[in-house]
Amino acid sequence: MRVRKRYIALFFYFLVLVVPIYWMLNMSLRSNADILGTFSLYPSHLTFKNYIKVFTDPTWYSGYINAIIYVTLNTLMSLAFALPAAYAFSRYKFLGDGQMFFWLLTNRMAPPAVFLLPYFQLYSTVNLIDTHIAVALAHCLFNVPLAVWILEGFMSGIPKEIDETAFIDGYSFPRFFFTLFIPLIRAGVGVTAFFCFMFSWVELLFARTLTVTEAKPIVATMTRTISATGLDWGLLAANGILTIVPGALVIWFVRNHLAKGFALGRV
Amino acid sequence: MGLVLRNVDKVVDGETHLKGINLAFETGSRNVFLGRTLAGKTSLLRILAGLDRPTRGQILVDDVDVTGVSVRKRGVAMVYQQFINYPSLTVYKNIASPLLRSGMKKADIDRRVRETAEILHLEDLLERLPAELSGGQQQRTAIARALVKDAKLLLLDEPLVNLDYKLREELREELQDIFRQREAIVVYTTTEPAEALMLGGDIVVLDEGCVLQAGPTPEVYRHPATLRVAEVFSDPPINYLSGRIHDNAVYLGSGSDEPVQGITRSLPDGPYRFGVRSHHLFLRPTGERDIEIQAKVTLSEINGSETFLHVTYDDAPLVVQENGVHKFKIGSAIKIYVNPDRFFVYDEAGMLVDSPDR
């Protein structure tokens, strides 16, 4: 009896979560007139018109390409900065290490809007506005600290004696780091990459402000669908579905390590 | 020539870990560092390896100062207390890793790895990952990695401490054979007097970051220079009885006016402390020279096939080591027998003034 009750609650919870996504899928497979005209729980006049438009119209599909470019750039940059930083925090003691480690996290506490104006002004001055690298760099603001925290947790789980043994065996530092150490924390690297990807992918504020047309990501494009004829509901829903897909795929790959990542590697 | 430590100090965050260490190790010597936990054994070992820099002092190898030289260029090998292997490499690659970096030919590496694996009985496990091995096999792998290259300095930091009893005995015997064949300075740390005696060679007794006594192991065991050395180098720690010597007669305890019959020590008059190891205290007389001590039982513990009997005599705690499993009532009065020839005599400051002949 008890088990049953729990399942009912879980089922209800699941329903609440899934209904909006289902509704979006439902809308994406209907035409605008159909969406506004009749209430229907399933697409009675099935159409792929919306998806076809997304994949053929460059103003739409370039949004995905732009987003993928800067998200990938950002993930690579975050890892490249965070790996050595996390190693230093996990292995060495230096003046103000604790404070600095905490300061990194405070970067995540500040609302991004605070940094918006300085970024815009700075990037305008150095002609970085509307480039992929601009968004990737701006996203490092919150992704690098997160990456450092997650990786530090994973690295501290590896005994320091392994490093020392490698040095005794005659490994140089870079060789040890890339051939022995990174394989040991590869789950951590994967989880970190996932978090960087996720946060960069869903971020809207920086992405919209720092791009105009050349590097405009899909999330920014989607907020500009209001035209003289009103909202294009079906198209918007199709884009919503397509935006979920990459995230869902990545979550599938790192599902076994996610909990450890949320605990910043400290399990 | 060998390795020399000159006035080595190590201070970490204002805490002195090592103080004024002066030691010399000959090539081909077996050295044991004996000390309780936190005595500074591992700190000293890390300085020998070059993993840590001494705060003050010098390390000389063959008369060349190597104090600041990186651990990569020292030619050392080290085995840790924990089982440290590269988890992502197979046993074979783990053992081969020190050689790979030295630029040796592939065929030579292969031969060396297989030879070393054979010594440590790992030949059937070479393709496994360390996580798939038992604790003993993991530590064997770590030892094999330390042995595979001809390091001038072989350091072992309590390598057997995390192994179960049977494996320890086995590996300890094998290690002795392995050490005997090597042309290196071997340094082995342990907390156990029995292990130190088994390994032989030279011993350095450490306590609270200082060297208490150094010398050939049996020599130090027979003549522990201070009461503290005797405590560290006996298991259970050495017992001592307060007493005094007057006109060459020995008086035990604080209030007794009767001299202990049958013993004389030609020493100056004054208060002394008499140390005696637990296995020299008996519950039955063993010879005519034995003296009798009236004591009270405070605790009886059974350790394997031995019984450690904790008693008090004249407010001094004593431990009697008796073969066999015995039962004693706590609080009961018993008689303990000891041959006074077994007494180590220490003065008030705890310095050895007389020790048993054998």
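Residues numbered from 1 in each chain as written. Chains lettered and ligands numbered in written order. Predicted model: local features only at pLDDT ≥ 70, side-chain atom pairs only at ≥ 80, totals over all residues.

**Some words on the pairing of strand 16 (residues 306-313) of chain B**
Residues and elements named next belong to chain B.
Here comes step 1: As judged from the seven bridges shared by strand 15 (residues 291-303) and strand 16, these two strands associate in the antiparallel manner. Note on strand 16: the bridge partner recorded for Val297 is Val311.
Here comes step 2: Direction of pairing for strand 16 relative to strand 17 (residues 316-323): antiparallel, over a ladder of eight bridges. Paired with His310 across the bridge in strand 17 is Val319. (Pairing = 2+ DSSP bridges. Helix = DSSP H or I, 4+ residues; strand = E, 2+ residues; numbered from the N terminus.)

**Examining the interface of chain B and chain A**
Here comes step 1: Listed per partner, the contact involves 17 residues of chain B and 13 residues of chain A.
Here comes step 2: For the side of chain B that touches chain A, the secondary-structure elements that each account for two or more residues are strand 6 (76-79) and helix 2 (91-100) of chain B.
Here comes step 3: Among the elements that line the side of chain B that touches chain A, the one with the most residues is strand 6 of chain B, at three residues.
Here comes step 4: For the side of chain B that touches chain A, the residue count by class is 11 nonpolar, four polar and two charged. (Contact = placed C-beta atoms within 7 Å. Nonpolar A, V, L, I, M, F, W, Y, C, P; charged D, E, K, R; others polar.)

**A look at the domain arrangement of chain B**
Residues and elements named next belong to chain B.
Here comes step 1: Domain boundaries in chain B define domain 1 (3-232) and domain 2 (239-354).
Here comes step 2: Between domain 1 and domain 2, the C-alpha centre-to-centre distance is 38 Å.
Here comes step 3: Taken together, the contact pairs seven residues of domain 1 with eight residues of domain 2.
Here comes step 4: Grouping the constituent residues of the side of domain 1 that touches domain 2 by class yields four nonpolar, two polar and one charged. (Domains from an automatic or database assignment.)

**Some thoughts on the domain arrangement of chain A**
All names here are of chain A.
Here comes step 1: Along its sequence, chain A is organised into domain 1 (1-47) and domain 2 (58-262).
Here comes step 2: Centre-to-centre, using C-alpha coordinates, domain 1 lies 32 Å away from domain 2.
Here comes step 3: Of the residues lining the interface, eight residues belong to domain 1; the matching set on domain 2 comes to seven residues.
Here comes step 4: When residues of the side of domain 1 that touches domain 2 are traced back to their parent elements, those giving at least two are helix 1 (2-28) and helix 2 (32-37).
Here comes step 5: Per element, the largest residue contribution to the side of domain 1 that touches domain 2 is four residues, and it comes from helix 1.
Here comes step 6: Looking at the side of domain 1 that touches domain 2 residue by residue, the class counts come to four nonpolar, three polar and one charged.

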